[in-house]
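# Fold and geometry: a report
One letter stands for each residue in the lines below.
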Amino acid sequence: RQMCIRDRLVCTEAAFHLMNTDIAVKCIVRLGSPLTGTPVAKIGWGQSARDLLPDSKYMQEFQPLLTKVEEQIPCFDIISKMDAIVPYTYSVIQS
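Overview of the structure. (Residues numbered from 1 in each chain as written. Predicted model: local features only at pLDDT ≥ 70, side-chain atom pairs only at ≥ 80, totals over all residues. Heavy atoms only, no water.)

### Thoughts on the pairing of strand β1 (residues 28-31)
Judged by which residues are buried, β1 turns out to be one-sided: Ile28 and Arg30 face inward and are buried, whereas Val29 and Leu31, on the alternate face, are not. Note: β1 against strand β2 (residues 75-78), four bridges, orientation parallel. Of the residues in β2, the one forming a bridge with arginine 30 is aspartate 77. (Buried < 20%, exposed > 50% of the residue type's maximum accessible area, 1.4 Å probe, protein only. Helix = DSSP H or I, 4+ residues; strand = E, 2+ residues; numbered from the N terminus. Pairing = 2+ DSSP bridges.)

Now the structure itself:
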């Protein structure tokens, strides 16, 4: 199966669902993850692409989940200013 960009958010979602279980997540390493969506999604097709638009319902629902995970689990993001699919400004959380 071909990995879609939305798959890059799966580790954060999984960590969220494991937070109140006996399974401890020590840290999360994300590679070019579209933490606030990506404008490139508008040229994609299918629900996964639409979900990754910065103002989509999915991204709005993902933000509180992301905040809770980052408050409790160390997260390391590897990003590139040269990424044409997920621009680095969409791979970081602005404080």
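### Structural notes on the packing of helix α1 (residues 10-18) against helix α3 (residues 57-72)
Running from N to C, α1 and α3 cross one another at 60 degrees; their axes reach a closest spacing of 10 Å. On the basis of their axis angle, the class for α1 and α3 is oblique. The two elements α1 and α3 cross, and the hand of that crossing is left-handed. On the side of α1, the interface is formed by Thr12, Glu13, Ala15 and Phe16, while α3 contributes Tyr58, Phe62, Leu65, Leu66, Lys68 and Val69. In the contact of α1 with α3, the residues fall into seven nonpolar, one polar and two charged. (Axes fitted to C-alpha atoms, helices over the stretch in contact; angles between N-to-C directions. Parallel < 35°, antiparallel > 145°, perpendicular 65-115°, else oblique. Left-handed = near helix turned anticlockwise from the far one by under 90°. Contact = heavy atoms within 4.5 Å. Nonpolar A, V, L, I, M, F, W, Y, C, P; charged D, E, K, R; others polar.)

### Concerning α3
With 16 residues, α3 extends 24 Å between its outermost C-alpha atoms, agreeing within 8% with the 22 Å of an ideal straight helix rising 1.5 Å per residue. The largest bend in α3 amounts to roughly 25 degrees and is located at glutamine 63, with the proline proline 64 lying one to four residues further along. (Expected span 1.5 Å × (residues − 1). Bend = angle between axes of the 7 residues up to and from the residue.)

### Digging into the packing of aromatic side chains
Applying the stated criterion to the full structure yields one aromatic pair. The interplanar angle of 15 degrees and the centroid separation of 6.1 Å between the aromatic rings of tyrosine 58 and phenylalanine 62 together place this pair among those described as stacked. Residue tyrosine 58 and its partner phenylalanine 62 are located together in helix α3, separated by four residues, close to a single helical turn. Across the pair, exposure class does not vary: tyrosine 58 and phenylalanine 62 are buried alike. (Phe/Tyr/Trp six-rings, centres within 6.5 Å; stacked < 30°, edge-to-face > 60°.)

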